Amino acid sequence: MDKGKYKKLNRYHVIFLVSGVMVGFSSLTLVNDLCPMGYHQWVMVLIYGLIATLTLFPMVSLGLKYPGDNLFTINEKLLGKGLGKIINIFIILYGVLMISGISHDYLTLLQLTILTNRDFTLPLLLLLLITVYIVSGGIKLVARFSIISFFITFWIVIMAMWPITKGTITHLFPLFNFTLEDIVISFNGGYKSMMGYELIMFYFPYIINQKKAFKDAVLGIWVIIPIYLINVIACTIYFSLWQIESLRYPTLSAIKAVEFCFIYRIENILTAHWVFLILSTTAAYLWMTKKGIDGVLGKIRAWHLWISVLLIITFIFIPISRPVEQFLFQDLTLSMGYGIILWPVFLLLVHKGKSLGGKTP
């Protein structure tokens, strides 16, 4: 468990924390989410990389102005304790919803593929217990787990070679026959797969070389972009437009093109291995929510971790309709994510205003 604010994250930790948290469940559905762009999805992936890089700049700038504080503390310093705590509660809710949505979607996928027609209560509890174990070791253990997950699952990228060689390469020829509306719909549909880099505002105080944090975080983002590009290119080459629109998990379906005489249903192995990436994402968000609860309650306690776990279980098992579930785990979470990504811009303006008035915290 983290104690104090001493710095412990080197540049490799930062790079893989940024990239590891981003590769959650949404990257499995990225190709389907980008279907309005047709065969030009690779354009949107590059746009994602540019947007993430641009929005990272105010996050790091804010961190450099408050090198010893995370976003929870900065909110209270700049907005006052009352309003700051209210904002922090919304951020905690964002973290809980993010973990709930990712866990729910992944376990639903397991029900469809490996654990057919079986209840996912036990797998969920195991997933949460492992997540708690990782988070109990502090942010450095979360970062180390992200590094291990990246290298354990990197073989999946190599599997893209089969659908690429069996597909139609002319699908990649640029026609640019998409509209502005297609770009907007696709952007909103797939940007969740980029979420995670905003957590740098919470572990920034733990970074050893904060002046190079922007460079390391950008590197983390652009480690993932080529992987997304390979995924998107493999699926667009291999599938028709109708298949891309109809298949919810095109990445898993494309992996079926892999032919090994000694392995049957390799997509199930990929689904099982994906749990490492799911854990990287959920562990980072759970660590963030625990820090938020510590701040709101004004005390650092290990059991605060279980408050988040109880909230996650409640959100997953609460009997709600499919539209409400879609709203909570997709629409609301994504909207809150946009808000947190843009929030440092507002805080920098508040900081500037207080600096001009001679009231810098």
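Conventions used here
- Per chain, residues are indexed from 1 in the order of the written sequence.
- For a predicted model such as this one, the threshold for reporting local features is a pLDDT of at least 70, and the threshold for listing and counting side-chain atom pairs is 80 or more; totals across whole chains, interfaces and linings nevertheless cover every residue.
- With hydrogens and water excluded, all non-hydrogen atoms of the structure serve as input to the side-chain values.
- By definition, any uninterrupted DSSP run of H or I lasting at least four residues is a helix, any uninterrupted run of E lasting at least two residues is a strand, and each is numbered from the N terminus.
- Radius of gyration here uses only the C-alpha atoms, and the compact-globule reference equals 2.2 Å multiplied by the residue count raised to the power 0.38.
- Residue burial is assigned from relative accessible area. The probe radius is 1.4 Å, only protein chains are included, and a residue is buried under 20% of its type maximum, exposed over 50%, and partly exposed in between.
- Note on contacts: a residue pair is in contact if any heavy atoms of the two residues lie within 4.5 Å.
- The protein chains shown are the only cover counted for residues, whose accessible areas, like all others here, come from Shrake-Rupley with a 1.4 Å probe.
- Note on charges: Lys and Arg go in the positive column, Asp and Glu in the negative column, and His and the chain ends are not counted at all.
- Charge placement uses NZ in Lys and CZ in Arg. For Asp and Glu, CG and CD serve respectively.
- Multiplying 1.5 Å by the residue count of a helix minus one yields the expected span of that helix.
- Note that bend, as reported per residue, equals the angle between axes fitted to the 7 residues terminating at that residue and the 7 residues originating from it.
- Any two rings among Phe, Tyr and Trp, with Trp reduced to its six-membered ring, count as a pair given centres within 6.5 Å; such a pair is stacked if its planes are under 30 degrees apart, edge-to-face if over 60, and tilted if neither.
- Any pair of nitrogen or oxygen atoms within 3.5 Å is treated as a polar contact; in protein, a donor-acceptor pairing is required on top of that, and neighbouring residues in sequence qualify only through side-chain atoms on both sides.
- The salt bridge criterion pairs a side-chain nitrogen of Lys or Arg with a carboxyl oxygen of Asp or Glu, the two atoms within 4 Å.

Draft legend 1. Quick look at the overall build of the protein. Within the protein one finds 17 helices and zero strands. For 361 residues, the compact-globule estimate of 2.2 N^0.38 gives 21 Å, and the protein sits close to it at 20 Å. Taken along its principal axes, the extent of the C-alpha atoms in the protein is 65 × 45 × 40 Å. Of all 361 residues assigned to the protein, the portion counted as buried reaches 53%. For the protein, contacts bridging at least 24 residues in sequence account for 82% of all contacts bridging at least 6. By element, 70% of the accessible surface of the protein is carried by carbon and sulfur atoms, the whole surface being about 16,000 Å². Counting 28 positive and 16 negative side-chain charges, the protein places the averaged centre of each group 16 Å from the other.

Draft legend 2. Representation of the environment of A234. Inspection of the secondary structure assignment puts A234 in helix α12 (residues 213-238). Residue class for A234 comes out buried when judged on its relative accessible area of 4%. In sequence terms A234 and L180 are 54 residues apart; their C-alpha atoms lie 25 Å from each other. Not counting chain neighbours up to four residues away, the residues in contact with A234 comprise A160, P163 and I164.

Draft legend 3. Examining helix α15 (residues 266-297) more closely. Look at α15: 47 Å from first C-alpha to last across 32 residues, which is about the 46 Å you get at 1.5 Å a residue. The sharpest bend along α15 measures roughly 25 degrees and falls at F276. Across the 32 residues of α15, 24 count as buried, placing the element largely inside the fold. Directly beyond the C-terminal end of α15, a positive phi value near 75 degrees is found at G298.

Draft legend 4. Spotlight on the environment of K166. Residue position: K166 is located in helix α9 (residues 161-166). Sequence-wise, K166 and M22 are 144 residues apart; in three dimensions their C-alpha atoms are separated by 29 Å. Ignoring anything within four residues of it in the chain, the contact list for K166 reads Y238, A257 and E259.

Draft legend 5. Spotlight on the packing of aromatic side chains. If you walk through the whole model with that rule in mind, you get 14 aromatic pairs. One aromatic cluster is present, built from ring pairs that chain together Y48, F187, Y191 and Y338.

Draft legend 6. Inspection of the side chain of T55 at higher detail. By the element assignment, T55 lies in helix α3 (residues 41-65). T55 sits in the buried class, given a relative accessible area of 13%. Within the structure, T55 has its side chain in polar contact with the backbone oxygen of A52 (distance 3.2 Å). Discounting chain neighbours no more than four positions away, the residues touching T55 are Y191, Y197 and I341.

Draft legend 7. Region of the structure containing the side chain of H304. Mapped onto the elements, H304 comes out in helix α16 (residues 304-317). Accessibility expressed as a relative area gives 2% for H304, which makes it buried. Here D294 takes part through its side chain, which lies 2.5 Å from a polar atom of the side chain of H304. Ignoring sequence-local partners within four residues, the contact set of H304 consists of K290, I293, D294, L297 and K299.

Draft legend 8. Local environment of the pattern of salt bridges. By the definition in use, this model includes seven salt bridges. Where D216 meets R11, a salt bridge forms, and the shortest distance between an N and an O atom there is 3.0 Å. Of this pair, D216 sits in helix α12 while R11 sits in helix α1 (residues 11-22), and the two are 205 residues apart along the sequence. Note that E325 and R322 form a salt bridge whose closest N and O atoms lie 2.4 Å from each other. In this pair, E325 and R322 are both assigned in helix α17 (residues 322-356), three residues apart and thus about one turn of the helix distant. Accessibility expressed as a relative area gives 14% for E325, which makes it buried. Under the relative-accessibility criterion, R322 is labelled exposed at 55%. Taken together, the shared-partner salt bridges in this structure form one network comprising E76, K81 and K85.

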